[in-house]
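Read off the chains here:
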Protein chains: 2
Amino acid sequence: MAPALDERRAAILNAIVQDYVRGGEPVGSKRLVEEWNLGVSPATVRSDMAALEEAGLITHPHTSAGRIPTDAGYRHFVDGLTATEPLRSEQAAALENLLMGSPDLEELLRRTSSVLSRLTRFAALVVAPRLDRSRLRHIELVHLAPTSVLAVLIVDTGRVEKRMLELDAPVAEHDVQRARHAINDAAANLPVAQAPDVVAGVAAGAPAEVRPLIEAVAAAVRKGLASAMAGDQLFVGGSANMAGGGYFERLEQVKSVFETLEEQVVVLQVLREALEDDPAVRIGTELPLVELAACSVVAARYSATGGSGGTVGVLGPTRMDYPRTLAAVQAVASSLEKALAELTGAS
Amino acid sequence: MAPALDERRAAILNAIVQDYVRGGEPVGSKRLVEEWNLGVSPATVRSDMAALEEAGLITHPHTSAGRIPTDAGYRHFVDGLTATEPLRSEQAAALENLLMGSPDLEELLRRTSSVLSRLTRFAALVVAPRLDRSRLRHIELVHLAPTSVLAVLIVDTGRVEKRMLELDAPVAEHDVQRARHAINDAAANLPVAQAPDVVAGVAAGAPAEVRPLIEAVAAAVRKGLASAMAGDQLFVGGSANMAGGGYFERLEQVKSVFETLEEQVVVLQVLREALEDDPAVRIGTELPLVELAACSVVAARYSATGGSGGTVGVLGPTRMDYPRTLAAVQAVASSLEKALAELTGAS
DNA sequence: GCCTGGCACTCTGCGGGCACGCGTGCCAGA
DNA sequence: TCTGGCACGCGTGCCCGCAGAGTGCCAGGC
């Protein structure tokens, strides 16, 4: 797949990628030798370019234009990266400052997506920490009306899920309190995966007055946590960036990218597939969606105490500055990790 | 401002608006008489058109093109509307079905924005019910770590606000429970505007072990509810629609609209200003933002039990079908009202 | 006095034709 | 194996001319 390339040819490929990313125009042999003093003449470069084209790493849009990288070309470039150029230190500091001191998890993730999109000028994607390995802190029941109770599930990552329970028969306030105690005594600090069954067990052994309520809670816990675990919460920021920067010509393309970004389920799926690597880079047609054939995703995991963590990433055009973007994504991931640790407390 | 227009001229203006909205192309005198059998010749229509142009209600992009409405022209058209054409009944039914049975407030509002955007094919804006006249149901305190407590505020509209409290000194679990009881005894069912002061009063009269905690809760209640009341939560759906439909030509325009849509504060401000009327229509330059000069906002209030309600609306191009959009927005507002009443229970 | 038919005018969009620039591919020679 | 030179292909910008659409205006009719 990646044939060991002649050293000079690899250099030429990298030069093409970098020039094209900067300028957005097909790059020709003459400009290449001028800017990268390669020590050879344009003619030599041309024959190398022909070889690179043969290998499928570059193309030209029409005969008399310069070359542009193909997805495979970008891939080769990215795989050859050794060091991602780090952020400027004042940027890194500003980043930490911005994330630290968020009042709650949602706000933290929102800020993260905002800062990442401004840093990269692409659309930022932030997935909330997954629950599957986290623990249930507390289940609160609030008696709103005779037959309706609000269940609030609090997880140790700071995440809060709420769910209305509608009961067939009225329930008394003190029974709600009994149920609350029974449930919390049994389920608090359990891994969320076990919580539904434990609550169901409590229901089975409970007196008749409270059993329907506890059963309803068990169902809510099962559904609420399951949906929270499967369909992780996604924060998208800066999608307007995709319309700027001159990356796309036709409105149609932009529209389909925006539409895709609105489909949270789809975006999550894309991120999930990408994250077989970490950090992950998925370029153009490597993405599972044809609508995103002109886009790339760069993503990295972050970890959270007690959970399996989440993902931060960006969606940008294939013609992106990969080293810079990788650096930004990784920096944001690690800052988020720190801010998250601070937020959930030492515990 | 709106000079009493000759009846035929008004008819011609309306015809121009409707033709232009449908077709998107400047409309000429000939087509007009053919499609709207006006009973006069094109030449007559032309002289009327000249008068309408003189009055600032229409323009033409260049000499030999047909006419298009100006913002003032749309305004005249909208003000002259008597009946908004109602939704088809199966659409209305589907609407109600979709909104009923949402598990919680957030999900309901999310669905509302989704359905409204699909109904109109514009960007949907949904503002959560405001809290200022609602009541506090319950304050839950969860002891996460010795010096950190999570405060969860539950409001009778079903809205939940959460806030981390970091204390200077450790606090014991049973003191957290004491504080919780004291606070809820005093503050439950109070209007949210009074809650902060009441909680502060509880703090003043509390024993020293729990006073710092209750003071922290008071501060959190003050800040949490204030920010929730001022910066209402906004749900935006279907913004990708703004890139389709051929309304905008240049990518620049689309980008600035998207950027504006991402600024929740700005959008909220626009909606707030618009809602001096109900239902409200703000056309092009009537909006307070130059970036939205090519857009219109159609919005309507909905009310919530115990609160002052919220807003639903759409942002679309000035070239929109106002009667249809008005009907859709109003239908969604009233369905949302019903679904909300069902969600928060009879109470 | 208002409406109508006719006519001249203006502007856009489209297709053809031409020169230009750019970048390539190839080849002979070092 | 690299290099300089040369011919080729192709897209771009420009000008031109032409058809089409729509207007403005004016003289004439009801």
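Keep in mind that what you see is a predicted model, and the values were worked out from it rather than measured.

Here's the deal with unusual backbone geometry
Residue and element names in this part refer to chain A. Cis geometry marks the peptide bond from Asp-278 to Pro-279; its omega dihedral reads -5°. One can find Pro-279 in the loop between helix 11 (264-274) and strand 8 (280-283). Phi is positive for Arg-121, close to 65°, though the residue is something other than glycine. As for its placement among the helices and strands, Arg-121 is situated in the loop between helix 6 (105-120) and strand 3 (123-127). Owing to a relative accessible area of 56%, Arg-121 belongs among the exposed residues under this scheme.

Digging into the protein's contact with DNA strand D
Around DNA strand D lies a shell of 19 residues, among which Thr44(A), Thr63(A), Ser64(A), Ser29(B) and Arg67(B) are the nearest. Per the 4 Å cut-off to the protein, sugar and phosphate atoms form 71% of the nearby atoms of DNA strand D. Thr44(A) places a polar side-chain atom, nitrogen or oxygen, 2.5 Å from a phosphate oxygen of DNA strand D. At 3.1 Å, a side-chain N or O of Arg46(B) approaches a base oxygen of DNA strand D. Mapped by element, the contributors of at least two residues to the surface near DNA strand D are helix 3 (42-54) of chain A together with helix 3 (42-54) of chain B. Considering each element in turn, the surface near DNA strand D owes the most residues, 3 residues, to helix 3 of chain A. Partitioned by chemical class, the residues of the surface near DNA strand D number 4 nonpolar, 11 polar and 4 charged.

Some details on the interface of chain B and chain A
Often, the extent of an interface is quoted as the loss of accessible area upon association of its parts. On the side of chain A, 35 residues touch chain B, which itself brings 35 residues to the contact. Where chain B abuts chain A, roughly 3,300 Å² becomes buried across the two surfaces, and 61% of that area is made up of carbon and sulfur atoms. Looking only at chain B, the three residues that lose the most surface to chain A are Leu144(B), Lys162(B) and Leu251(B), adding up to 18% of its buried area. Measuring nitrogen to oxygen at the nearest pair gives 3.3 Å for the salt bridge that ties Glu106(A) to Lys162(B).

Concerning the domain arrangement of chain A
Per the domain assignment, the segments of chain A are domain 1 (7-79), domain 2 (89-129 + 232-343) and domain 3 (136-230). For domain 1 of chain A and domain 3 of chain A, the distance between their C-alpha centroids amounts to 62 Å.

Quick look at the sheet that holds strand 5 (residues 148-155) of chain A
All names here are of chain A. Spatially, 4-5-6 is the arrangement adopted by the 3 strands of the open sheet, whose pairing is antiparallel. A strand with exactly one partner marks an edge of an open sheet, and here the two such strands are strand 4 (136-145) and strand 6 (160-166). Strand-to-strand twist across the sheet, computed as the mean angle between neighbouring axes with direction ignored, equals 20°. Across 8 bridges, the pairing between strand 4 and strand 5 is antiparallel. Bridging across to strand 5, Val-142 finds its partner in Leu-150.

Some thoughts on the protein's contact with DNA strand C
Neighbouring DNA strand C are 19 residues; Arg8(B), Ser41(B), Thr44(B), Thr63(B) and Ser64(B) lie closest to it. What you see for DNA strand C is that sugar and phosphate hold 73% of its atoms within 4 Å of the protein. Arg46(A) places a side-chain nitrogen or oxygen 3.1 Å from a base oxygen of DNA strand C. Within the side chain of Arg8(B), a nitrogen or oxygen atom sits 2.8 Å from a phosphate oxygen of DNA strand C. Elements with a minimum of two residues in the surface near DNA strand C: helix 3 of chain A together with helix 3 of chain B. Among the elements that take part in the surface near DNA strand C, helix 3 of chain B stands out by supplying 3 residues, more than any other. Of the residues that constitute the surface near DNA strand C, the class distribution is 4 nonpolar, 11 polar and 4 charged.

Looking at the relation of the copies chain B and chain A
Its rotation angle being 180°, the transformation that places chain B on chain A also includes 0.0 Å of axial translation and leaves an RMSD of 0.2 Å. Viewed as a symmetry operation, the transformation between the two copies matches a two-fold axis. Counting the interface residues of chain B, we find that 97% of their copies in chain A are interface residues as well, pointing to one common contact surface.

A closer look at helix 6 (residues 105-120) of chain B
For helix 6 of chain B, which comprises 16 residues, the first-to-last C-alpha distance of 23 Å matches the rise-based estimate of 22 Å (1.5 Å per residue) to within 8%. Remark: Arg121(B) follows helix 6 of chain B within two positions and exhibits a positive phi of approximately 65°.

Some remarks on the sheet that holds strand 9 (residues 295-302) of chain B
Residues and elements named next belong to chain B. In space, the 5 strands of this open sheet follow the order 7-3-10-9-8, with antiparallel pairing throughout. Of all strands in the sheet, those with a lone pairing partner are strand 7 (234-237) and strand 8 (280-283), marking the two edges. Between one strand and the next, the sheet's axes are offset by a mean angle of 15°, whatever the strand orientation. Pairing analysis gives 5 bridges linking strand 3 (residues 123-127) to strand 10 (residues 310-317), with the strands arranged antiparallel. From the neighbouring strand, Val-126 faces strand 10, where its bridge partner is Val-312. In this fold helix 12 (residues 322-343) packs onto strand 8, strand 9 and strand 10, with an angle of close to 30° to the strand it touches most, strand 9.

Here we look at the pattern of salt bridges
Applying the stated criterion across every chain, the model contains 38 salt bridges over all chains. When the shortest N-O distance is used, the salt bridge between Arg67(B) and Glu53(B) registers 2.8 Å. Separated by 14 residues along the polypeptide, Arg67(B) in the loop between strand 1 (58-59) and strand 2 (68-69) and Glu53(B) in helix 3 bring together distant segments of the chain. Here Arg67(B) falls in the buried class, since its relative accessible area comes to 14%. You can call Glu53(B) partly exposed: its relative accessible area is 23%. Arg75(B) is the partner of Glu286(B) in a salt bridge, and the nearest nitrogen-oxygen pair spans 2.7 Å. Linking Glu286(B) in the loop between strand 8 and strand 9 with Arg75(B) in helix 4 (residues 71-79), this pair joins segments that are 211 residues apart in sequence. Accessibility expressed as a relative area gives 32% for Glu286(B), which makes it partly exposed. Here the residues in one salt-bridge network are Asp19(A), Arg22(A), Arg31(A) and Glu35(A), joined through shared partners.

Criteria and cut-off values
Residues numbered from 1 in each chain as written. Chains lettered and ligands numbered in written order. Predicted model: local features only at pLDDT ≥ 70, side-chain atom pairs only at ≥ 80, totals over all residues. Heavy atoms only, no water. Helix = DSSP H or I, 4+ residues; strand = E, 2+ residues; numbered from the N terminus. Buried < 20%, exposed > 50% of the residue type's maximum accessible area, 1.4 Å probe, protein only. Near = heavy atom within 4 Å. Polar contact = N/O pair within 3.5 Å; in protein donor to acceptor, adjacent residues only side chain to side chain. Nonpolar A, V, L, I, M, F, W, Y, C, P; charged D, E, K, R; others polar. Contact = heavy atoms within 4.5 Å. Buried area = accessible area lost by both parts, 1.4 Å probe. Salt bridge = Lys/Arg side-chain N within 4 Å of Asp/Glu carboxyl O. Domains from an automatic or database assignment. Pairing = 2+ DSSP bridges. Axes fitted to C-alpha atoms, helices over the stretch in contact; angles between N-to-C directions. Least-squares fit on C-alpha atoms with pLDDT ≥ 70 in both. Expected span 1.5 Å × (residues − 1).

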